[in-house]
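Each chain, written out:
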Amino acid sequence: MWNFIKNREPNIHMKRLFEPFLCYRHFRTRAVDRQNTSSTGLYGFDHLKSPKGFQRFVDEAIERSSELIDYISGMPSSAEIIRAMDEISDTVCSVVDSAELCRQTHPARGFVEEANKASMKINVYLHVSFVALQFLNTNHTLYNAVKKAEQDGHLLTEEARRAALHLRIDFEKGGIHLPSGKLDRVNQLNMDAHKLCREYGENIINDPGYVDIFPASRIPRQIQHLLKPIYRLTSGVSKESLGSYEDEQEKGFRIITEPRTLFSVLQLTPDEQVRKMAYLKGNSVPHANHEVLDKLINSRHELAQIMGCKSYAEFVMQLNMASSPEVVVSFLLEMSNMVKEKADEEFNTIRNLKRDVCGQRCVDLEPWDEAYYTTMMKSSAYSLDSAVVASYFSLPQCIEGLKLLVKSLFGASFDSVPMAPGESWHPDVLKMCIHHPEEGDLGFLYLDLFSRKGKYPGCATFAIKGGRKISETEYQLPVMALVFNFSRSHDSSIVRLNHGELETLFHEFGHALHALLSRTDYQHFAGTRVALDFAETPSNLFEYYARDYRVLKKFARHYSTGEVIPEKLVKSLNGARDMFAATELQRQIFYSLVDQTLFGEQLSVPRDTNSIVAHLKRQHSNEKHVEGTHMHIRFGHFLTYGAGYYSYLYAKCFAATIWKKLCQEDPLSPTTGTLLRTKLLQYGGAKEPADLLTDLVGDGIVRYHNGGILPDVTSCLEEMELLDDKNRHIGK
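Calculation criteria
Residues numbered from 1 in each chain as written. Predicted model: local features only at pLDDT ≥ 70, side-chain atom pairs only at ≥ 80, totals over all residues. Heavy atoms only, no water. UniProt positions renumbered as here; feature names shortened; annotations may be inferred. Phe/Tyr/Trp six-rings, centres within 6.5 Å; stacked < 30°, edge-to-face > 60°. Buried < 20%, exposed > 50% of the residue type's maximum accessible area, 1.4 Å probe, protein only. pLDDT = per-residue confidence, 0-100. Contact = heavy atoms within 4.5 Å. Helix = DSSP H or I, 4+ residues; strand = E, 2+ residues; numbered from the N terminus. Polar contact = N/O pair within 3.5 Å; in protein donor to acceptor, adjacent residues only side chain to side chain. Core = buried A, V, L, I, M, F, W, Y, C linked by side-chain atoms within 4.5 Å. Salt bridge = Lys/Arg side-chain N within 4 Å of Asp/Glu carboxyl O. Axes fitted to C-alpha atoms, helices over the stretch in contact; angles between N-to-C directions. Parallel < 35°, antiparallel > 145°, perpendicular 65-115°, else oblique. Nonpolar A, V, L, I, M, F, W, Y, C, P; charged D, E, K, R; others polar. Pairing = 2+ DSSP bridges. Disulfide = S-S within 2.5 Å. Expected span 1.5 Å × (residues − 1).

- Per UniProt, the comment on the chain under Subcellular location (unreviewed entry) is "Mitochondrion".
- Checking UniProt for the chain, the heading Sequence similarities (unreviewed entry) contains the comment "Belongs to the peptidase M3 family."

Spelled out as structure tokens, the structure:
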């Protein structure tokens, strides 16, 4: 199988919930000119002027791919083979990615339904092999052509040679070398996994869970705008006639326990019973995903075994920096040991605060307590008022912060440009262009910023078009979309972000910059199409810019007075953020170990996923496991990453080293920006990640272990004040 959907950047932040096959993109339709006002379709595709246009969009992609297959079957030169393969990739993924973005964000049901059909049709084309030589993943003509290109030694550039190698490995990961019966089974398993991932994501959206709380006074005012007001009838004494009764309405709130709302409730609600009810409900739905996840684990494991691997984790790591599950697990256990002592201290501090507040009768710190008491401690220690903090981060000013980064670091502008009629999917969507005074337009970015009914509930980066070299004089510009769910307050026309939301904005913008500034010959390597355990590095790096006072003072101003954010407030924000850093790091290690275990080697006597999660939580977390709760049934990263969630910890370490060695002294320096662009961002996946990292900051950012690559953890642990003499030698 030629894996057509590349490991997408999923975000932490609940990124796209479907199976990460490997994907390449083609755009025969040119990008909409930045000043074009003629009518077009979604994202600038003329076909997508109406929902039914998706059908023609798919058909034309299949037609063009068939033409290119015929061309490749004539065995042209090696360079032409790789170029034509890249165009097939580009062609197919123009449909895949446009359909996925539409499915997740379009408010019109007709468009969503047709995008669903298009997505399924193109995936059938990719994976089902009942017509000889037509379906891409099982096409021996393409496979043999790629092997010829790789072996004949006439590819002139390093990137072309790397593309041939990766394409050949992709085919073989799809089982093209297997007997027909096994190959058919591999294709079926991949189709099954695609459907299961989609079902898992839809279940999360359709069954987020809820609890009803009465009276309304149990909910703090600062989060009431996130909840749905509800009413119930109660019996009360009539004021007009003593002794007679009438029905009265009592107001309450329905807490929809999707992750974002649930976190706000757990952070800010003094009523422990409300927190408990919300936590239990939010961590026990959707029930249907127990079966879906079990099926997905079994499908992935069977696939890996057919391919000669011990586990799905081993199967997916062939092109990752880590190279094997053993390397990853050793890294995670090493980190777990380093952080344990400090995490234990933090846990005791939180528990002692609860006892001080509630009295000695409160012996245990419950899972629904941690966010509330840590928020209380942070606010008390640093005198933080969430409303005051948000007053400096109005959304328009935060967008100005993105413009500042682009201008200061890369000497380019980042401005809104007009959209043609039909190009947008919602009136709130903005289209931005990165423009360099000497190089011209570098790429386009759609911003879909606000929460609305039916929209993908998290934050995500969607690639609409990957950059690639079309000729010696023409480059296909990248087009991306960033999707957020910022809330509009009922009592203000100005949307204001909290500091965590600002970090999320900068994080996703880091992904966008990786794509918009890459200049690869092949879209196969454009932007975030890199080794999975390297992909989160630029996004983690740009989070630092959301925390640095030298950056914030240039755009963070009070929404009404224009006052620059005080340096003392920024120090308090960063102090509060770091206050329980060990606990948060321990949590991420736990998630990563769950991911490795679910998709690792299967025991002869299977354990259910609930017992796996409970066991790992007891070993690697201070948080109690509550029977009946199941965090793994709505943790979408287990699908989009699948044995790759450890990538966030890799990125955290790489980014810490880059910041310390390159950016910290002068984060907005054009010299810093030039180095980031020319030594890291512009290459996408066209070079080995370890070589890019070393070339950027010098030796020491990576280390080698059992045939794989690990990040040096020194800078990360120093930042978190976790590096003592006992740990100092371990992380190098």
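Here the narrative resumes.
1. Here we look at the packing of aromatic side chains
Okay, step 1: Per the counting criterion, the structure on display carries 28 aromatic pairs.
Okay, step 2: Centroid distance Tyr641 to Tyr645: 6.3 Å. Interplanar angle 90°. Geometry classified as edge-to-face. Summarising the burial analysis for this pair, Tyr641 and Tyr645 share the class buried.
Okay, step 3: By the ring-pair criterion, three or more aromatic residues cluster together here, those being Phe590, Tyr591, Phe635, Phe638, Tyr641, Tyr645 and Tyr648.

2. Looking at the confidence of the model for the chain
Okay, step 1: In the predicted model, the chain carries a mean pLDDT of 89, and 89% of its residues have values of at least 70.
Okay, step 2: Low confidence marks residues 1–33, where pLDDT is under 50. Its contacts with residues over four positions away, or in another chain, come to 192 contacts.
Okay, step 3: In the model, residues 129–134 has pLDDT below 50 throughout and makes 12 contacts with residues more than four positions away in sequence or in other chains.

3. Focus: the environment of Thr257
Okay, step 1: With respect to the secondary-structure elements, Thr257 resides in the loop between strand S3 (245–256) and helix H7 (259–268).
Okay, step 2: With near-sequence residues (within four places) excluded, Thr257 lies in contact with Pro208, Gly209, Tyr210, Leu262, Ala278, Lys281, Gly282 and Arg634.
Okay, step 3: At 2.7 Å, the side chain of Thr257 and the backbone oxygen of Pro208 are in polar contact.

4. Re the nonpolar core
Okay, step 1: The biggest cluster of nonpolar side chains holds 141 residues, and the ones touching the most others in it are Met321, Phe393, Tyr545 and Ile658.
Okay, step 2: When residues in this core are grouped by element, the largest group, 11 residues, is from helix H22 (residues 647–663).
Okay, step 3: Among the nonpolar cores identified, the runner-up in size contains 58 residues, and Leu42, Phe45, Phe462 and Phe525 belong to it.

5. Overview of the pattern of salt bridges
Okay, step 1: In this structure the tally under the stated criterion is 46 salt bridges.
Okay, step 2: Ionic pairing is found between Lys310 and Glu601, a salt bridge with its closest N-O pair at 3.9 Å. Of this pair, Lys310 sits in the loop between helix H9 (289–306) and helix H10 (312–316) while Glu601 sits in the loop between helix H19 (581–598) and helix H20 (609–620), placing them 291 residues apart in sequence.
Okay, step 3: Residue class for Lys310 comes out partly exposed when judged on its relative accessible area of 44%.
Okay, step 4: In this structure, Arg677 engages Glu439 in a salt bridge whose closest nitrogen and oxygen atoms are separated by 2.8 Å. Taken together, the residues span a long stretch of sequence, with Arg677 in helix H23 (residues 670–679) and Glu439 in the loop between strand S5 (430–436) and strand S6 (440–450) at a distance of 238 residues.
Okay, step 5: Note on Glu439: relative accessible area 45%, which makes it partly exposed.

6. Considerations on the packing of helix H11 (residues 325–358) against helix H12 (residues 370–382)
Okay, step 1: Between H11 and H12, the least distance of the axes is 10 Å, while the angle of their chain directions is 85°. By the criterion of interaxial angle, the relationship of H11 to H12 is roughly perpendicular. Here H11 contributes Thr349, Ile350, Leu353, Lys354, Val357 and Cys358 to the contact with H12, which in turn contributes Glu370, Tyr373, Thr374, Met376 and Met377.
Okay, step 2: Within the contact of H11 with H12, the residues separate by chemical class into 7 nonpolar, 2 polar and 2 charged.

7. Re the pairing of S5
Okay, step 1: By the criterion of burial, S5 is predominantly enclosed, with 5 of the 7 residues buried.
Okay, step 2: Sheet topology places strand S4 (residues 413–416) next to S5; 4 bridges connect them, and they run antiparallel. Across the sheet, residue Phe414 finds its bridge partner in S5, namely Ile434.
Okay, step 3: The sheet contact formed by S5 and S6 spans 7 bridges and is antiparallel. Looking at the pairing, Met432 lines up with Leu445 of S6.
Okay, step 4: Connecting S5 to the next strand, S6, in antiparallel fashion are 3 residues.

8. Focus on H7
Okay, step 1: Within the span of H7, buried status applies to Thr261, Leu262, Ser264, Val265 and Leu266.
Okay, step 2: Where H7 begins, one side-chain oxygen reaches toward the backbone nitrogen of Arg260, 3.0 Å away; that side chain belongs to Glu258.

9. Description of the state of the cysteines
Okay, step 1: Applying the stated rule across the entire model yields 0 disulfides.
Okay, step 2: Here Cys653 stays unpaired: no disulfide links it, and the sulfur of Cys716, its closest cysteine neighbor, is 4.3 Å away.
Okay, step 3: Its relative accessible area of 1% is what places Cys653 among the buried residues.

10. Describing the environment of Glu172
Okay, step 1: Inspection of the secondary structure puts Glu172 in helix H5 (residues 158–173).
Okay, step 2: Judged by its relative accessible area of 24%, Glu172 falls in the partly exposed class.
Okay, step 3: Each C-alpha atom, one on Glu172 and one on Tyr143, is 8.7 Å from the other, the two residues being 29 residues apart in sequence.
Okay, step 4: If we ignore the near neighbours within four places in the chain, the residues touching Glu172 are Tyr143, His177 and Met307.

11. Looking at helix H14 (residues 395–410)
Okay, step 1: In this model H14 runs 23 Å from its N-terminal to its C-terminal C-alpha over 16 residues, within 8% of the 22 Å that 1.5 Å per residue would give.
Okay, step 2: Directly beyond the C-terminal end of H14, a positive phi value near 65° is found at Gly411.

12. Let's talk about the sheet that holds strand S10 (residues 479–486)
Okay, step 1: If you walk across this open sheet you meet the 5 strands as S4-S5-S6-S10-S7, and the pairing is mixed. Of all strands in the sheet, those bounded by a partner on one side alone are S4 and strand S7 (460–465). Here the average twist between neighbouring strands, direction ignored, is 25°.
Okay, step 2: In terms of strand pairing, S7 meets S10 through 5 bridges, oriented antiparallel. In the sheet register, Thr461 faces S10, and the bridge partner there is Leu482.

13. Observations regarding the packing of H14 against H23
Okay, step 1: The interhelical angle for the contact between H14 and H23, taken along N-to-C directions, is 90°, at an axis separation of 6 Å. Taken as axis vectors, H14 and H23 run roughly perpendicular relative to one another. Residue-level contacts link Ser408, Leu409 and Phe410 of H14 to Pro670, Thr672, Gly673, Thr674 and Arg677 of H23.
Okay, step 2: Partitioned by chemical class, the residues of the contact of H14 with H23 number 3 nonpolar, 4 polar and 1 charged.

14. So, unusual backbone geometry
Okay, step 1: Of the consecutive residues Phe214 and Pro215, the connecting peptide bond is found in the cis state with omega at -10°.
Okay, step 2: For Pro215, the location among the structural elements is in the loop between strand S1 (210–213) and strand S2 (228–237).
Okay, step 3: Each neighbour pair has its own omega, and for Val285 with Pro286 the value is -5°, a cis peptide bond.
Okay, step 4: Among the structural elements, Pro286 can be located in the loop between helix H8 (272–282) and H9.

15. Remarks on the environment of His436
Okay, step 1: Mapped onto the elements, His436 comes out in strand S5.
Okay, step 2: On the basis of relative accessible area, His436 is assigned to the buried category, the value being 11%.
Okay, step 3: Residues His436 and Phe410, 26 residues apart in the sequence, show an inter-C-alpha distance of 8.2 Å.
Okay, step 4: With sequence-adjacent residues up to four places away left out, His436 is seen in contact with Phe410, Gly411, Ala412, Leu442 and Arg677.
Okay, step 5: A distance of 3.3 Å separates a polar side-chain atom of His436 from the backbone nitrogen of Glu439.

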